[in-house]
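# Coordinate analysis (summary)
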Amino acid sequence: MRYFKLHPIKHLRAMGGAAGVRLSQQLGVTTSRNTLLQLVRSIPLPPVVTPQTLGVDDFCFRKCKTYGTALIDLERRRPIALLKDAKAETLAEWLKAHPGVKVVSRDRSKTYESGIRQGAPEAIHVADRFHLILQGRCSKN
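Residues numbered from 1 in each chain as written. Predicted model: local features only at pLDDT ≥ 70, side-chain atom pairs only at ≥ 80, totals over all residues. Heavy atoms only, no water.

## A word on the layout of surface pockets
With a probe scaled to a water molecule rolled over the atoms, the places where space remains empty come into view. We apply this condition: Detection works on a 1 Å grid of protein atoms alone, calling trapped sets that fit a 1.4 Å probe cavities and calling open sets with protein on both sides within 12 Å along at least five of seven lines pockets, with lining residues defined by an atom within 4 Å of a point. Grid points are joined across faces, edges and corners, and a volume is the space filled by probe spheres set on the points. Here a helix means four or more residues in a row that DSSP labels H or I, a strand means two or more in a row labelled E, and each is numbered from the N terminus.
Its boundaries defined by the atoms lining it, the largest pocket holds a volume of some 260 Å³. Lining the largest pocket we find Leu45, Pro46, Pro47, Val48, Val49, Asp73, Arg76, Arg78, Pro79 and Ile80. Here the lining of the largest pocket gets three residues from one element, more than from any other, and that element is strand β3 (residues 78–83).

## Describing the environment of Tyr67
Rules: We call two residues in contact when some of their heavy atoms are within 4.5 Å.
Inspection of the secondary structure puts Tyr67 in strand β2 (residues 66–73). Residues Tyr67 and Lys87 lie 20 residues apart in sequence; the distance between their C-alpha atoms is 9.4 Å. Look past the residues within four positions of Tyr67 in its chain and what remains in contact with it is Asp58, Phe59, Cys60, Phe61, Lys84, Asp85 and Ala86.

## Some words on unusual backbone geometry
Under the convention used in this document: Each residue's exposure class comes from its accessible area (1.4 Å probe, protein chains only) as a fraction of the maximum for that residue type: buried when under 20%, exposed when over 50%, partly exposed otherwise.
Phi is positive for Arg77, close to 60 degrees, though the residue is something other than glycine. Note that Arg77 resides in the loop between β2 and β3. Judged by relative accessible area, which is 75%, Arg77 ranks as exposed.

Interpretation in functional terms is not warranted from these geometric data alone.
Here is the structure:
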C-alpha cells in the first residue's frame, strides 16, 4: 500500500480506461479515460526473452469460432505471445525464430505436437497437470 501512496500515477497508467478514471477521482486527479489509455499505450513492452520452459495452449478469440495459440513463459509465469491461429506451422515458425526452448508443457493436441517437433525437435514434451486432470475427468464420464 505504501508503494501505491508514493506512486499513484503509475497505478493509474496500469489501470487505464473507466476504472482508472474512477481511481483518479478518488485520488483527486482529474483526467479522462482516453488520456489514461494513451499513457498505457505509451508504456514500452518488455523484450521477449526466449524461455527454456514454454507453456502452449489454445484460446478463443471470439465466441469459440476462432482459436489462437497462447505461449506462456512458465519460469516467469507470464504470457509472451499470442499466435493468430492454432496451426502447427505457426507454432513451428515461432519456435524456429526463438531457439532455446528445452521443455514444452502442452495438452495432448496432435497439432501442437507436430508444431513443436518441427520448430524445436530437441524439446522435451510434458503433459501439463491441468490437461491430465481434465482428460481423466472426461474419460470417467
